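# Observations on chain architecture
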Amino acid sequence: MNKTTKLVTISMLCAIAYVAVLVGRIPLVLFLKYDPKDIMITMGGFIFGPVTALFMSVIVSVLEMCTISGTGPIGCVMNIISTCSFACTASFVYQKRRTLSGAVMGLGFGCVSMITVMLLWNYLITPIYMGYPREQVVKLLLPVFLPFNMVKSGLNASFLMLLYKPVISVLRRSHLIEPAQTTQQTQIHIGIRLAAILVVITCILYILSCNGII
């Protein structure tokens, strides 16, 4: 793949990720909102590697800060850390083991990484940029920040498992990425699809309950 085609593909994925922020932000609890940009960024990482995921994360987070976000540079940094802890971890593992089991393992590590990292950074940074007393933030870590990051990472991983194959097929037909070798073609097992759908449904029900809809 030449550099121009790679740049076009990355730019397109960044644009989709940014649009996902614009139209897909869902408030959950307090100031915490879910948005699906990490799905496209992780997809870019799966295709091109963790460095690309880092690059995409910075680009999309800066665009978000300059246009629709009200949290300023600190919020931008938190977005980058959150996305990278998931996307870079998942894509790093997948680059080492480009199989279905490697993808599942990478997404699992990505979820654990994001949950752990964001608990630490919310403890350190939330009192600064939200003005909450640290003692209050500590009380919110387990009942608020932990389930939020579990839902966010679970949705990201599940949607990626459901969308990766269709999106990759479109990109290959458009000649934006190289065709897969026969030995690299992997069908997502129906059980994994069903598990991903179950996680999505569970997370959606949790979001609806947080917003008082059910």
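Whatever comes next refers back to the structure up there.
Residues numbered from 1 in each chain as written. Predicted model: local features only at pLDDT ≥ 70, side-chain atom pairs only at ≥ 80, totals over all residues. Heavy atoms only, no water.

What follows deals with the pattern of salt bridges. One pass over the full model with this rule turns up two salt bridges. Put simply, Asp 35 and Lys 37 hold a salt bridge, and the shortest N to O gap is 3.3 Å. The same class applies to Asp 35 and to Lys 37, which are both buried. One salt-bridge network, in which partners are shared between bridges, spans Asp 35, Lys 37 and Glu 64. (Salt bridge = Lys/Arg side-chain N within 4 Å of Asp/Glu carboxyl O. Buried < 20%, exposed > 50% of the residue type's maximum accessible area, 1.4 Å probe, protein only.)

Residues Ile 190, Leu 194, Ile 197, Ile 201 and Leu 205 make up a contiguous nonpolar surface patch of roughly 460 Å² in combined accessible area. Examined against the element boundaries, Ile 190 turns out to sit in helix H7 (residues 190-210). (Patch = residues over 30% accessible without salt bridge, like charges linked within 9 Å, V, L, I, M, F, W, Y side chains within 5 Å. Areas by Shrake-Rupley, 256 points an atom, 1.4 Å probe, with all protein chains shown as cover. Helix = DSSP H or I, 4+ residues; strand = E, 2+ residues; numbered from the N terminus.)

With 12 residues, helix H2 (residues 37-48) should cover 16 Å at 1.5 Å per step; its first-to-last C-alpha distance of 17 Å lies within 8% of that length. Within H2, burial applies to Lys 37, Asp 38, Ile 39, Met 40, Ile 41, Thr 42, Met 43, Gly 44, Gly 45, Phe 46, Ile 47 and Phe 48. Here the buried face of H2 lies against helix H1 (3-24), strand S2 (32-34), helix H3 (50-67), helix H4 (72-96), helix H5 (100-129) and helix H6 (134-173). Where H2 terminates, the next one or two residues include Gly 49, which has phi positive at roughly 115°. (Expected span 1.5 Å × (residues − 1). Contact = heavy atoms within 4.5 Å.)

The contact between H2 and H4 brings their axes to 8 Å, and the two run at 35°. Of the two possible hands of crossing, H2 and H4 adopt the one that is right-handed. In this structure, H2 contributes Lys 37, Asp 38, Ile 41, Thr 42, Gly 45, Phe 46, Ile 47 and Phe 48 to the contact, and H4 contributes Asn 79, Thr 83, Phe 86, Ala 87, Ala 90, Ser 91, Tyr 94 and Gln 95. Broken down by class, the residue content of the contact of H2 with H4 amounts to eight nonpolar, six polar and two charged. (Axes fitted to C-alpha atoms, helices over the stretch in contact; angles between N-to-C directions. Left-handed = near helix turned anticlockwise from the far one by under 90°. Nonpolar A, V, L, I, M, F, W, Y, C, P; charged D, E, K, R; others polar.)

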